[in-house]
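Here is what each chain is made of, one letter per residue.
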Amino acid sequence: MSPDRRTAVAAGSLFLLTEVAAIAGAVLYRPLLGAADGRLAQGADTRALLGVLCEVVLVAAVAGTGAALFPVLRRHGEGLALGYAFGRLLEAAVIALGTVAVLALVTLRRDTEAAAGADVALAALHDWTFLLGPNIALGLNTVLLAYLAYRARLVPRFIAVLGLVGGPLICASAVAVMFGAYAQLSVAGSVAALPVFAWELGLAGWLIARGFGPGAGTVARPGAAVAEPPVPVRR
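Residues numbered from 1 in each chain as written. Predicted model: local features only at pLDDT ≥ 70, side-chain atom pairs only at ≥ 80, totals over all residues. Heavy atoms only, no water.

Enquirer: Got a sec to walk through the pattern of salt bridges? Specific residues and values, please.
Expert: Taken as a whole, this structure holds three salt bridges when the rule is applied. One salt bridge in this structure joins Asp4 and Arg75, with 2.9 Å as the shortest N-O distance. With Asp4 in helix α1 (residues 3–33) and Arg75 in the loop between α2 (44–73) and α3 (78–110), the pair connects residues that are 71 residues apart, well separated along the chain. Glu91 serves as the salt-bridge partner of Arg88, at 2.9 Å between the closest nitrogen and oxygen. Placement of both Arg88 and Glu91 in helix α3 is noted, with a separation of three residues, approximately one turn of the helix. The class for Arg88 is buried, based on a relative accessible area of 2%. (Salt bridge = Lys/Arg side-chain N within 4 Å of Asp/Glu carboxyl O. Helix = DSSP H or I, 4+ residues; strand = E, 2+ residues; numbered from the N terminus. Buried < 20%, exposed > 50% of the residue type's maximum accessible area, 1.4 Å probe, protein only.)

Below you can see the structure in the form of structure tokens.
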């Protein structure tokens, strides 16, 4: 297996891991965020802590995708490749901040007297980090990676187009949520997130099954387009 093929498998696996960890974490700690009376149901704190562990895996996987793809992306634009790598680090940091808020909620809601008021603030902190990290930062990072993938033909262009459409769409949805158009967890929010979800699953599946496209090993010159691969002649 060539180095680029190993990189493709590693990056694809990390993208799949981000999806699994994000969904599992949200399902596990969501009851904690919705405890209106400030008291945890039996076993809810254990579920929340398991959810936090999933979020820790998510943070590592998000940062890992940027690091794993950097050696390939830098051939097609070092500035954009660095932007993607640092963008993923920023996204991971914002998710980690929201995870700390969940941990603080667990502590406060074990002590119901100390929870008054503070639990609402921590739940709001988590919601805002969820909006800024897995929505706005994710959208911007998606556009960067999809643009590089489209320009360098790292994956089929229909997959890259999903990212080019989904990135701006999820950013626009986050702005709509910010101004109160609809709730984060709503039908409209879920529909806006579908293209990015499909982009990450499609990207992960392609990288694991097929690896990078023929343009991956081509070093792009400044201001020059990536050369189209030769069309094989059938005999």
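Enquirer: Outline the nonpolar core, supporting the account with residue identities and numerical values.
Expert: The biggest cluster of nonpolar side chains holds 25 residues, and the ones touching the most others in it are Leu69, Leu73, Leu145 and Leu203. Among the secondary structure elements, those contributing two or more residues to this core are α1, α2, α3, α5 (118–152), α6 (157–178) and α7 (187–209). Among all residues touching Leu145, those that are not within four sequence positions of it are Phe15, Leu69, Leu73, Tyr84, Trp199 and Leu203. Core analysis: the second largest hydrophobic core is formed by twelve residues, Tyr29, Ala101, Val102 and Leu122 among them. (Core = buried A, V, L, I, M, F, W, Y, C linked by side-chain atoms within 4.5 Å. Contact = heavy atoms within 4.5 Å.)

Enquirer: I'd love a proper account of the packing of α6 against α7, names of residues and values included.
Expert: Put simply, α6 and α7 touch, their axes get as near as 8 Å, and they point 150° apart. Classified by the interaxial angle, the pair formed by α6 and α7 is roughly antiparallel. Between α6 and α7 lies a crossing whose hand is left-handed. Between α6 and α7, the contacting residues are Ile159, Ala160, Leu162, Gly163, Gly166, Gly167, Leu169, Ile170 and Ser173 on the first element and Gly189, Ala192, Ala193, Pro195, Val196, Ala198, Trp199, Gly202, Leu203 and Trp206 on the second. (Axes fitted to C-alpha atoms, helices over the stretch in contact; angles between N-to-C directions. Parallel < 35°, antiparallel > 145°, perpendicular 65-115°, else oblique. Left-handed = near helix turned anticlockwise from the far one by under 90°.)

Enquirer: Tell me about the environment of Leu32, and name the residues and values.
Expert: Structurally, Leu32 can be placed in helix α1. Taking the C-alpha atoms as reference points, Leu32 and Ala48, separated by 16 residues in sequence, lie 6.6 Å from one another.

Enquirer: Any chance you could break down α6 for me, citing the residues and the numbers?
Expert: Taking 1.5 Å per residue as the helical rise, α6 with its 22 residues ought to reach 32 Å, and the 32 Å between its terminal C-alpha atoms agrees with that figure. Ile159, Ala160, Gly163, Gly166, Gly167, Ile170, Cys171, Ser173, Ala174, Ala176 and Val177 are the residues of α6 that are buried. Following α6 by one or two positions, Gly180 adopts a phi angle in the positive range, close to 80°. (Expected span 1.5 Å × (residues − 1).)

Enquirer: Quick one: what's the story with the environment of Gly98, residue by residue and with numbers?
Expert: Along the polypeptide, Gly98 turns up in helix α3. On a C-alpha basis, the gap between Gly98 and Trp128 in space is 8.1 Å, while along the polypeptide they are 30 residues apart. Excluding residues that lie within four positions of it along the chain, Gly98 makes contacts with His126 and Thr129.

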